[in-house]
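Listed below are the residues making up each chain.
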Amino acid sequence: MSAISSWNLTISPDTTLSFSWRPSLPSRPRKRKTLVVLAAGLGAKPTVLVAEKLGDPGIQLLKTFANVDCSYNLSPEELCTKISLCDALIVRSGTKVTRDVFESSMGRLKVVGRAGVGIDNVDLSAATEHGCLVVNAPTANTIAAAEHGIALLTAMARNVAQADASVKAGKWERSKYVGVSLVGKTLAVMGFGKVGSEVARRAKGLGMDVIAHDPYAPADRARAIGVELVTFEEALRTADFISMHMPLTPATSKMFNDEAFSRVKKGVRIVNVARGGVIDEEALLRALDAGIVAQAALDVFTEEPPLQENKLVRHENVIATPHLGASTTEAQEGVALEIAEAVVGALKGELAATAVNAPMVPAEVLLELSPYVALTEKLGRLAVQLVAGGSGVKFVKVAYASARGPDDLDTRLLRAMVTKGLIEPISSVFVNLVNADFIAKQRGLRITEERIVLDGSPEKALEFIQVRIANVESKFASAMCDSGEITVEGRVKDGKPHLTKVGSLGVDVSLEGSIILCRQVDQPGIIGKVGSILGEENVNVNFMSVSRIAAGKQAVMTIGVDEEPSRDALKKTGEISAVEEFVFLKL
Ligand SMILES: NC(=O)c1ccc[n+]([C@@H]2O[C@H](COP(=O)([O-])OP(=O)(O)OC[C@H]3O[C@@H](n4cnc5c(N)ncnc54)[C@H](O)[C@@H]3O)[C@@H](O)[C@H]2O)c1
Ligand SMILES: O=C(O)[C@H](O)COP(=O)(O)O
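Just so you know, these numbers come straight off a predicted model, no measurement behind them.

**Details of helix 7 (residues 194–205)**
The end-to-end C-alpha distance of helix 7, which contains 12 residues, comes to 17 Å, matching closely the 16 Å that a straight helix rising 1.5 Å per residue would cover. Turning to helix 7, its buried residues are Val-195, Gly-196, Ser-197, Glu-198, Val-199, Ala-200 and Ala-203. Packed against the buried residues of helix 7 are helix 5 (142–157), strand 7 (186–190), strand 8 (209–213), helix 8 (219–224) and strand 10 (241–244).

The structure is reproduced here in structure tokens:
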């Protein structure tokens, strides 16, 4: 798991531009600014609702950081009522996390943790729209599921469940329960992911010929364990056994339907430890009745638990378990820890490695991009505040100047932060990495990204970043560059974000506190006048730069201030006779 850590924005004594002044005021304690992508309300302990039984190690870990409310078997209404008091929710497959849940949370719910793999019980679109991160625990139950798949495969082939019931009923039916052998038979693994490949490995150990169908799996991974990747058609046509291991998605829903069963080898045997919905259960029943499918072993069902009168469950050639794939002591401890870590991390503002609805940014990339994350958000904030009232922001360009190749720079995080910067100052919407693209789209904001390819060493991720807003007027005319766009540019210096260009003018101001941009007639004494107006109000100037447009004619002064000056102070600044235009921008 990786963290966007807290950092202090300190004043840099960098003086590279035309004139740069760092006031020698006594230093004050600086506020520690934390970039919290998803963090819950700071200060108060967050509340985590655990809605289904979770292993004790996970509960203990959660308790070190949060108030933990373990409330099982909640009705949908009870869940919706409780959720508005919770920052995180942890579920397994038995709880439907619907749009109603996100709406009822009224913005408080920041993370949904799925203690397992399948997230088909969570409305991901609704989560994303509400800026709620969904994390899962994708690895800890893989082996358990694979072992259960093999258990079902062998039990089915040898009629273990039926024979057991028969013996317990006082019978001794040896000829009725003659089974089939696995060795030399072809097993088609549908979905060659974590569980599928472990099933394949184990089936090879049983002497089976294993093929797999997975449109997204790399052939070399399959080859490495002696499995051939085949088409859906070929899998159906050649398999003696078919084992399901794909996720339930719109594309896999009822993938096994009448049509598919019409193309299988007669007498095929089917195992499903993936999701009930990947099989059309009525079609399977028809195929069983017709002898097309000889047997089925099912751990998962479209509706769980299935109705008592479910004909499939009661079919004599079907064995069924109550969604036990992940249910081993070891897997449940592992899953509980995996999900508790992910949820706590997300509540702390870290980016989870197992995020389902947000880009996963590897730790090293995150570490490298952290200063640019702050920079891009601030550039977005500055750019949007430079737009004159009445001109709607629609077209935004973000240009990344780097010596790196395009594939060497993951900009999703930066784009999200620009979006956050652009939208939050002008709305009440909370933007984060999860919902940034969605919210931008919803507001008709078109953010395009460009690369400025630089010569030089690719060691540094980025040289500078530009944010440009087209088709708008600016309340600070000097912020418009020659192309007619509001333009702000920044770079990271000594690990700190700096504003280095406004419009076509080079400036240099550390991006902390807030900023006053001021264009004035270039003459002596202006800096002093502005400085004393701010000083009278006890407003601390943390950085200042002056760039001349033309000597003796015009200059632009960029002043970084720690406190927000009063209206009166801003008015007085504007009234200095040499000042032609000025604007106060909050960071
Ligand atoms: N019964 C249980 O208790 C239990 C336990 C763990 C996992 N599961 C389920 O098992 C399934 C697999 O889990 P996993 O951890 O291996 O997931 P995974 O993401 O590692 O693997 C899924 C694989 O399915 C492939 N896939 C996607 N669409 C496909 C399609 N149309 N046809 C064929 N393959 C396709 C993907 O490319 C991927 O390789 C999931 O449905 C999960 O919910 C069930
Ligand atoms: O997707 C999964 O991880 C499995 O289906 C396990 O589900 P469970 O947590 O409800 O046992």
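**Description of the UniProt feature "domain: ACT" (unreviewed entry) in the chain**
The UniProt entry lists residues 515–587 under the feature "domain: ACT" (unreviewed entry), expressed in the numbering used here. Its end C-alpha atoms 7 Å apart, residues 515–587 is made of 27% helix and 45% strand.

**Topic: the sheet that holds strand 17 (residues 486–493)**
Spatial ordering of the open sheet is given by 15-14-16-17-18-19, a layout of six strands whose pairing is mixed. Of all the strands in the sheet, just strand 15 (446–453) and strand 19 (505–510) have a single pairing partner and so form its edges. Strand-to-strand twist across the sheet, computed as the mean angle between neighbouring axes with direction ignored, equals 20°. In this sheet, strand 15 lies alongside strand 14 (residues 395–402) in parallel orientation, the contact comprising eight bridges. Considered in strand 15, the bridge of Lys-397 is made with Thr-448.

**Quick word on the site of ligand 2**
Neighbouring residues of ligand 2: Arg-92, Ser-93, Arg-114, Ala-115, Gly-116, Val-117, Gly-118, Asn-141, Arg-275, His-323 and Ala-326. Ser-93 is positioned such that a nitrogen or oxygen atom in its side chain is 2.4 Å from an oxygen atom of ligand 2. Contacts to ligand 2 include Arg-114, whose side-chain N or O atom sits 3.0 Å from an oxygen atom. When the free accessible area of ligand 2 is taken as 310 Å², the share hidden by the protein chains comes to 91%. Its residues assigned to classes, the shell around ligand 2 shows three nonpolar, five polar and three charged.

**Side note on helix 5**
With 16 residues, helix 5 should cover 22 Å at 1.5 Å per step; its first-to-last C-alpha distance of 23 Å lies within 8% of that length. In terms of residue burial, helix 5 counts as a mostly covered element, since 12 of its 16 residues are buried. Asn-159 lies just past helix 5 and shows a positive phi near 55°.

**Some words on the pattern of salt bridges**
Oppositely charged side chains may form a pair once their charged atoms are brought near each other. Within the structure shown, the criterion is met by 29 salt bridges. Across the pair Glu-450 and Arg-468 runs a salt bridge, and its minimum N-O distance is 3.3 Å. Here Glu-450 is found in strand 15, whereas its partner Arg-468 is found in strand 16 (residues 464–470), with 18 residues between them in sequence. Residue Glu-463 is joined to Arg-491 by a salt bridge in which the shortest nitrogen-to-oxygen separation is 3.6 Å.

**What about the sheet that holds strand 3 (residues 67–70)?**
Read from one edge to the other, the open sheet built from five strands follows the order 3-2-4-5-6, with strand pairing classed as parallel. In this open sheet, the two strands that pair with only one neighbour each are strand 3 and strand 6 (133–136). On average, each strand axis in the sheet is tilted by 20° relative to the strand beside it, whichever way the strands run. Sheet analysis places strand 5 (residues 111–114) next to strand 6, joined by four bridges and oriented parallel. When the sheet's bridge partners are listed, Val-111 is paired in strand 6 with Leu-133. Across the face of the sheet, helix 2 (residues 76–83) comes into contact with strand 2 (47–50), strand 3 and strand 4 (88–91) while running at roughly 170° to strand 2. Of the strands in this sheet, strand 2, strand 4, strand 5 and strand 6 touch helix 13 (residues 329–347), which is tilted by about 170° from strand 5.

**Details of the packing of helix 1 (residues 56–63) against helix 13**
How two helices pack is summed up by the angle between their axes together with the distance between the axes. As a packed pair, helix 1 and helix 13 sit with axes 7 Å apart at the nearest point and diverge in direction by 20°. Judged on the interaxial angle alone, helix 13 and helix 1 are roughly parallel. Considering how the two elements wind past one another, helix 1 and helix 13 form a crossing that is right-handed. For the pair helix 1 and helix 13, contact is made by Pro-57, Gly-58, Leu-61 and Leu-62 and by Glu-333, Ala-336, Leu-337, Ala-340, Glu-341, Val-343 and Val-344, respectively. Class assignment for the residues of the contact of helix 1 with helix 13 results in eight nonpolar, one polar and two charged.

**Focus: the site of ligand 1**
In the vicinity of ligand 1 there are 26 residues, among which Lys-194, Val-195, Asp-214, Val-273 and Asp-299 approach most closely. At 3.4 Å, a backbone N or O of Gly-193 approaches an oxygen atom of ligand 1. Lys-194 places a polar side-chain atom, nitrogen or oxygen, 2.8 Å from an oxygen atom of ligand 1. Taken by itself ligand 1 offers 850 Å² of open surface, and the protein chains cover 87% of this. Taken together, the residues that form the shell around ligand 1 break down as 13 nonpolar, nine polar and four charged.

**A few points about the packing of aromatic side chains**
Applying the stated criterion across every chain yields a total of two aromatic pairs. Ring centres 5.6 Å apart and planes at 80° place the aromatic pair Phe-232 and Phe-256 in the edge-to-face group. You can see Phe-232 sitting in helix 9 (residues 232–238) and its partner Phe-256 sitting in the loop between strand 10 and helix 10 (258–261), a full 24 residues away along the chain. Of the two residues examined, Phe-232 and Phe-256, each falls in the buried class. Taking the centre distance of 6.1 Å and the plane angle of 55° together, the rings of Phe-256 and Phe-261 count as tilted. Members of the aromatic cluster, joined through ring pairs, are Phe-232, Phe-256 and Phe-261.

How each quantity is defined
Residues numbered from 1 in each chain as written. Chains lettered and ligands numbered in written order. Predicted model: local features only at pLDDT ≥ 70, side-chain atom pairs only at ≥ 80, totals over all residues. Heavy atoms only, no water. Helix = DSSP H or I, 4+ residues; strand = E, 2+ residues; numbered from the N terminus. Expected span 1.5 Å × (residues − 1). Buried < 20%, exposed > 50% of the residue type's maximum accessible area, 1.4 Å probe, protein only. Contact = heavy atoms within 4.5 Å. UniProt positions renumbered as here; feature names shortened; annotations may be inferred. Pairing = 2+ DSSP bridges. Axes fitted to C-alpha atoms, helices over the stretch in contact; angles between N-to-C directions. Near = heavy atom within 4 Å. Polar contact = N/O pair within 3.5 Å; in protein donor to acceptor, adjacent residues only side chain to side chain. Areas by Shrake-Rupley, 256 points an atom, 1.4 Å probe, with all protein chains shown as cover. Nonpolar A, V, L, I, M, F, W, Y, C, P; charged D, E, K, R; others polar. Salt bridge = Lys/Arg side-chain N within 4 Å of Asp/Glu carboxyl O. Parallel < 35°, antiparallel > 145°, perpendicular 65-115°, else oblique. Left-handed = near helix turned anticlockwise from the far one by under 90°. Phe/Tyr/Trp six-rings, centres within 6.5 Å; stacked < 30°, edge-to-face > 60°.

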